[in-house]
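Structure at a glance
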Amino acid sequence: MAVRKVKAKKQKDFALALLQRQLIAPLITTMLPGEDFKGAKGDTVTLKITDGSIATAREYDFRGRTGPIVLDDIFQSGGNVSVKLNKHFVSATGLEDEHFTLDDIDFAREVLAPQVEAVAEKMENATVAAFRNLSFKHELPFDASDDPHLVTLEARRLMDSEKVAPRQGRVHLIGSDVAAAWLASDRLSKYDSTGETGTPALRDSIIGRLNGAPVIEHNGLNPNEGYYLHSTGLLVANVAPAVPKGAVTGNAGISSKGYGLRWLQDYDANYLRDRSIVSSFYGVNEVRDERRADGSWIIEVGEFDDEELSVMLNRDGSAVVPVAAGTRKNVRVIKYNVTGTGSVLV
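Procedures and definitions
- Residue numbers run consecutively from 1 along every chain, following the written order of its sequence.
- Totals for whole chains, interfaces and linings use all residues, but because this is a predicted model, local features are given only for residues with pLDDT of at least 70 and pairs of side-chain atoms are given and counted only at 80 or more.
- Excluding hydrogens and water, the side-chain figures rest on all heavy atoms present in the structure.
- For helices the rule is a DSSP run of H or I covering at least 4 residues; for strands it is a run of E covering at least 2, with both sets numbered from the N terminus onward.
- Exposure categories follow from relative accessible area, calculated using a 1.4 Å probe and restricted to protein chains: below 20% of the type maximum is buried, above 50% is exposed, and the middle band is partly exposed.
- One bridge is not enough; two strands pair if DSSP finds at least two bridges between them.
- Fitted lines through C-alpha atoms serve as axes, helices being fitted only where they are in contact, and the angles separating the N-to-C directions of these axes extend from 0 to 180 degrees.
- The contact definition used throughout considers only heavy atoms, calling two residues in contact when any of these lie within 4.5 Å.
- The rule is short: rings of Phe, Tyr and Trp, with Trp giving its six-membered ring, pair when the centres are within 6.5 Å, and they are stacked under 30 degrees, edge-to-face over 60, tilted in between.
- The criterion for a charge sitting over a ring is simple: Lys NZ or Arg CZ within 6 Å of the ring centre, and within 35 degrees of the ring normal.
- Counted as salt bridges are all cases of a side-chain nitrogen of Lys or Arg within 4 Å of a carboxyl oxygen of Asp or Glu.
- Confidence of the prediction at every residue is given by pLDDT, a number between 0 and 100.
- Here, nonpolar core means buried Ala, Val, Leu, Ile, Met, Phe, Trp, Tyr and Cys residues that are tied together by side-chain atoms lying within 4.5 Å of each other.

Digging into unusual backbone geometry
A positive phi angle, close to 55°, is found at Arg63, a residue other than glycine. Relative to the elements of secondary structure, Arg63 occurs in the loop between β2 (44-54) and β3 (75-84). Non-glycine residue Leu272 carries a positive phi angle of around 50°. With respect to the element layout, Leu272 can be found in the loop between β12 (259-268) and β13 (273-286). In this structure Leu272 comes out as partly exposed when scored by relative accessible area, which is 49%.

Okay, here's the thing in structure tokens:
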């Protein structure tokens, strides 16, 4: 609950470098700002994704008129994706009077920084877990010894075939064993020739490019885990709670590599101690926008009411018939099923 320190007459402060979890999920997903959730019913924001309006084109008489032109209605096409804030991550500790009076504590470095890191890492873990539970339409099996160029080219072909996700914004997200196998090949464009920009966290994680997309190694993935994804495949909601009026001090504007958090401090007179609390609200949902063969959005039961459905048509002009909930798949993320990972020395 408190900061535990070893006390000595003389002590040289020495910190051993440790591998910390990379916090890059906010950089490869679509983050929804906190303002969107103010006043939202059920703490839920519904995004209406439209394909635009659908008009009808007909052939008409040329050189001579045998009848009037036909007036057609213009219909709408698209679907809904909802994101709900439903998790509250908290790191709290108590600092008794003795800590501040007798112990040499660097509050920012030894208390606040680890708390911020803990909450941000909790959200990163939740985002990685969400990737693992997506409703993938495509899964791509390959062996670690397979040509990375051909593997990623096939992944690109599969995503292109859905005609949904643009090329810009795609990345390969892979674990350490897959990264080692691909780095051992001569197929990966070297980092210094990729021309990548962005935050230091993202630049430090990019190990090269394959078929037009950055390759990102993430130490939060399993060694043989990997995905080819577009940043719109997963929606992440993150809101820093407001600072309550009863707090002694606080800040709702703390950011850790893309995640927003709140810090507050108050005094617990019952136990004669300060409390330091870092927290954040979080929610996540995938974008399932698989289309029909003609490019129309697959509408599921319950997405629209009868009035809304009455002004919607498929692109081929047919009526929209909702399918069972959960039918539509995620076509913006492709899962890599990798075998044969391990040492690159064999």
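After that view, the rundown keeps rolling.
What to know about the sheet that holds strand β7 (residues 206-210)
Sheet architecture is open: six strands sit in the order β5-β14-β9-β6-β8-β7, paired in mixed fashion. Of all the strands in the sheet, the pair left with one neighbour each is β5 (139-143) and β7. Sheet twist, expressed as the average angle between the axes of neighbouring strands with direction ignored, equals 25°. Summarising the sheet, strand β9 (residues 225-230) and strand β14 (residues 333-339) pair through five bridges and their orientation is antiparallel. Opposite Leu229, over in β14, you have Val333 as the bridge partner. Against the sheet, helix α3 (residues 107-132) contacts β6 (170-174), β9 and β14, and its axis sits at roughly 85° relative to β9. Sitting on the sheet, helix α4 (residues 148-162) is in contact with β5, β6, β7, β9 and β14, with an inclination near 150° to β14.

Focus on the packing of aromatic side chains
Scanning the entire structure with this criterion turns up seven aromatic pairs. Taking 6.1 Å as the distance between ring centres and 20° as the angle between the ring planes, the aromatic pair formed by Phe136 and Tyr227 counts as stacked. With Phe136 in the loop between α3 and β5 and Tyr227 in strand β9, the pair connects residues that are 91 residues apart, well separated along the chain. Both residues of the pair, Phe136 and Tyr227, count as buried. Every member of this aromatic cluster is reached through a ring pair, and the members are Phe131, Phe136 and Tyr227. Sitting over the ring of Tyr271, Arg273 keeps its end group 4.6 Å from the ring centre.

Quick word on the pattern of salt bridges
Summed over all chains, the structure comprises 15 salt bridges. Between Asp266 and Arg275 there is a salt bridge; the shortest N-O distance is 2.9 Å. Ionic contacts of the salt-bridge type, sharing partners, join the residues Lys137, Glu162 and Glu290 into one network.

Quick word on the side chain of His172
Along the chain, His172 falls in strand β6. Not counting the four nearest positions on each side in its chain, His172 is found in contact with Thr152, Trp182, Leu210, Ala213, Pro214, Val215, Ile216, Tyr227, Tyr228 and Tyr336.

Description of the confidence of the model for the protein chain
On average, residues of the protein chain carry a pLDDT of 84, and 87% of them reach 70 or more. Here helix α6 (residues 200-205) stands out as the element of the protein chain with the lowest mean pLDDT, 70, in contrast to β5, whose mean of 97 is the highest. Here residues 6-15 is a poorly scored stretch, pLDDT under 50, and it has four contacts once near neighbours within four places are set aside; other chains count.

A look at the nonpolar core
Judged by nonpolar contacts, the single largest core of 22 residues is most densely connected at Leu140, Phe142, Ile174, Trp182, Val215, Tyr228 and Tyr336. When residues of this core are traced back to their parent elements, those giving at least two are β5, α4, α5 (176-184), β7, β8 (213-217) and β14. Listed in part, the 20 residues of the second largest apolar core include Ala25, Val111, Leu112 and Val119.

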